[in-house]
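Residues per chain, in single letters:
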Amino acid sequence: MRQMTALVKPASSLCNLKCSYCFYCDEANEREKNIDTIMSAETAENLIKKMFDFCGTNSSLTFMFQGGEPLLAGHGFFESFIETAETNRTEGSIINYTLQTNGTLIDEEYCRIFKENNFLIGVSLDGKKALHDKYRDLSFDNAMKGIELLKKHSVDFNILSVITAETDAYDLYNFYIENGFRDVQPIYCLDPLNGEKAEYSLNAKQLARFKKRLFNKWFAEVSKGNHFYVRDFDNLLSLLTKGVAEQCGASGRCNAQLVVESDGTCYPCDFYCLDKFECLNINKADINDILNCEGLKSFFEYEEEKNSLCPTCPVRSVCGGGCKRYRSLYNQLEGYCPQMDFIMHAIEKLREIRGN
C-alpha cells in the first residue's frame, strides 16, 4: 500500500489570534511574497487528484490541515474538499484527515463535519489559563469551549502545548490529568529565524529539565498501566523497540513533507517554508516533479551543524543529532547537549518498559 501525506494550509498564515511565539508567522514574514488568501476549490482539487494519480489504487492518503488557523477557510471549504476527495478516491484507498486548531472557532457545524469524516483534531492549549493567555491572545476560555464541543460530539482530539521558558512540567502534567487530557504533544519554543533571543523561548538547560520532569510523570503513569501518550516519549520508545518513529526528525533524518500553501505553492517541511526551499506549485506541477525539484534537493542538502558531542554520544542511535531546526538549541552550550542529557536520564526506564 502506497502512503502519502499532505500538510495543507487552507488559510496560509492567516489567523484570528496573534500568538506571540507563532513560528509560522515568523516563516511567512521571511518570504518575499505574502500569501494571504483562502485555498480555492481548484487548488484543492488539483492537490487531491494529483496525489491519487501518484499513489494509485489501494493507497492511504492523509490530509493534515494546519495554519495559521485552518478553520478560517470556512465550513464550505472542508465540505467541498471532502466531497472532492471522495469523488477522486481510487479503488481500495483510504483517506485520513487531521486538523490542528487554536480551538476558538470550533462550533456545532464543524463538529458534525469532524465526526462524520473521522477527523483527528489537535487543539493548541499551553496549560492553565494564566500561562496560556500570556502568549496566546487571551484565548483560553474560548479554546476550552471548543474542546467541550469536541467532547460533546465524541470527536477524537489531542492537545498540543507550546513549551516556553515559563512552562513548569509538573504544573502542565497536573493540568493534563485534571482535564482528562491523556494524548498530548509538547512543542518546544524556539527563537525566531533571525536568531534574536525571545523571552518565551527555551534555553538548553530549560529544555532538558522540562523533558526529564515530564518524562518522570509519564513513566509513572505508563508503569501503572495507565494510558498517557506523550509524542516525544512514545516515539523514543518506538525507536528503541522497533527502530522507527512516526515523528519527523526524531531519529535525526528528514523525510520529505508535502506542505501545500493556500495558493498551491509547495515546501518540503513545515519548519522550512522559505523561498529558497520552494518546491513548485501543485497547480502547475505533478507530484513526481515536486519530489524531484531543486527546492527539495536544496532542503536535503541544507544542514544545521550537529552538536560536537554527537560522534561520541552513547545514545546517538536513538537521536541521530535530532531535528535540524532544533540544533541551534542543542548547540547553545559548548560541551553540553540537552537531548543527550534527557535521553541518558530516560533510556534505562524506557528499556524497562520495553522489557515488560
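Quantities reported herein were computed from a predicted structural model and do not represent experimental measurements.

(A) Just the overall build of the protein chain, in detail. When its secondary structure is counted, the protein chain shows 13 helices and nine strands. Radius of gyration (C-alpha) of the protein chain: 20 Å, near the 21 Å computed for a compact globule of 356 residues. By the burial criterion, 53% of the 356 residues in the protein chain qualify as buried. Contacts spanning at least 24 positions in sequence make up 70% of the contacts within the protein chain whose residues lie at least 6 apart. With 40 positive and 51 negative side-chain charges, the protein chain shows a separation of 6 Å between the mean positions of the two kinds.

(B) Quick peek at the packing of aromatic side chains. By the definition in use, this model includes 37 aromatic pairs. When the ring of Phe-157 is compared with that of Phe-181, the centres are 6.3 Å apart and the planes differ by 80 degrees; the resulting orientation is edge-to-face. Taken together, the positions of Phe-157 in strand β5 (residues 156–163) and Phe-181 in the loop between α7 (169–178) and β6 (183–188) put the pair 24 residues apart, joining distant regions of the chain. For Phe-181, a relative accessible area of 2% puts it in the buried group. Ring geometry for Tyr-272 against Phe-277: centres 5.9 Å apart, planes inclined by 85 degrees, an arrangement best described as edge-to-face. Since its relative accessible area comes to 4%, Tyr-272 is described here as buried. Assessed through its relative accessible area of 3%, Phe-277 is described here as buried. One cation-aromatic arrangement involves Arg-213 over Tyr-170; the distance from NZ or CZ to the ring centre is 3.8 Å. Seen from the ring of Tyr-272, Lys-324 lies directly overhead, with NZ or CZ sitting 6.0 Å from the centre.

(C) A look at the sheet that holds strand β9 (residues 266–267). If you walk across this open sheet you meet the nine strands as β7-β6-β5-β4-β3-β2-β1-β8-β9, and the pairing is mixed. In the strand order of this sheet, the two ends are held by β7 (229–230) and β9, each with one partner. The sheet contact formed by strand β8 (residues 258–260) and β9 spans two bridges and is antiparallel. Bridging from a neighbouring strand, Val-260 pairs with Cys-266 of β9. The strands that helix α6 (residues 140–152) touches are β4 (120–124) and β5; relative to β5, the one it contacts most, it runs at about 155 degrees.

(D) Structural view of unusual backbone geometry. With an omega of 5 degrees, the peptide bond running from Gly-67 to Gly-68 counts as cis. Looking at the secondary structure, you find Gly-68 in the loop between β2 (60–65) and α3 (75–88). Phi at Asn-58 is positive, roughly 55 degrees, even though this residue is not glycine. A relative accessible area of 43% places Asn-58 in the partly exposed class.

(E) Seen up close, the nonpolar core. Counting residues in hydrophobic clusters, the biggest one holds 96 residues, and the most contacted among them are Leu-47, Phe-63, Phe-65, Trp-218 and Leu-258. Setting aside its immediate chain neighbours within four residues, Leu-258 contacts Met-4, Thr-5, Ala-6, Leu-7, Leu-47, Met-51, Cys-266, Tyr-267, Ile-287 and Ile-290. In terms of nonpolar packing, the next biggest core, distinct from the first, is built from eight residues, Cys-19, Tyr-21, Ala-198 and Tyr-200 among them.

(F) A look at the pattern of salt bridges. Tallying each qualifying case throughout the model produces 21 salt bridges. The partner of Asp-133 in a salt bridge is Lys-129, and the shortest N-O contact between them spans 3.1 Å. With a gap of four residues between them, Asp-133 and Lys-129 both fall in helix α5 (residues 129–135), about one helical turn apart. The partner of Lys-297 in a salt bridge is Glu-294, with the nearest N and O atoms 3.6 Å apart. With Lys-297 and Glu-294 both in helix α11 (residues 294–301) and three residues apart, this pair spans about one turn of that helix. For Lys-297, a relative accessible area of 40% translates into the label partly exposed. The exposed category is assigned to Glu-294, whose relative accessible area is 57%. Shared partners join several salt bridges into a network, and the residues in it are Glu-79, Glu-109, Arg-112 and Glu-116.

Thresholds applied
- Residues take numbers from 1 onward in each chain, read along the sequence in its written order.
- Where local features are concerned, this predicted model is filtered to residues with pLDDT of at least 70; where side-chain atom pairs are given and counted, the filter is 80 or more; whole-chain, interface and lining totals use all residues.
- Side-chain measures were taken over the full set of non-hydrogen atoms in the model, leaving aside hydrogen atoms and water.
- Think of it this way: any DSSP run of H or I at least four residues long counts as a helix, any run of E at least two long counts as a strand, and we number them from the N terminus.
- With C-alpha atoms as the basis for the radius of gyration, the globule rule is written as 2.2 Å multiplied by the number of residues raised to the power 0.38.
- Burial classification: accessible surface area is computed with a 1.4 Å probe over protein chains only, and a residue below 20% of its type maximum counts as buried, one above 50% as exposed, and the rest as partly exposed.
- We call two residues contacting when some pair of their heavy atoms lies within 4.5 Å.
- We score Asp and Glu as negative and Lys and Arg as positive, and we do not count His or the chain ends.
- Note on charges: their place is set at NZ of Lys, CZ of Arg, CG of Asp or CD of Glu.
- Note on aromatic contacts: the rings of Phe and Tyr and the six-membered ring of Trp form a pair at centre separations within 6.5 Å, being stacked when their planes are under 30 degrees apart, edge-to-face when over 60 apart, and tilted otherwise.
- Charge-over-ring contacts are defined here by two conditions on Lys NZ or Arg CZ: a distance within 6 Å of the ring centre and an angle within 35 degrees of the ring normal.
- Strands were regarded as paired on the criterion that DSSP finds at least two bridges between them.
- To define axes, lines are fitted to C-alpha atoms, for helices over the stretch in contact only, and angles between the resulting N-to-C directions are given on a 0 to 180 degree scale.
- We call a set of buried residues a nonpolar core when its members are Ala, Val, Leu, Ile, Met, Phe, Trp, Tyr or Cys and they connect through side-chain atoms within 4.5 Å of each other.
- Any Lys or Arg side-chain nitrogen located within 4 Å of an Asp or Glu carboxyl oxygen qualifies as a salt bridge.

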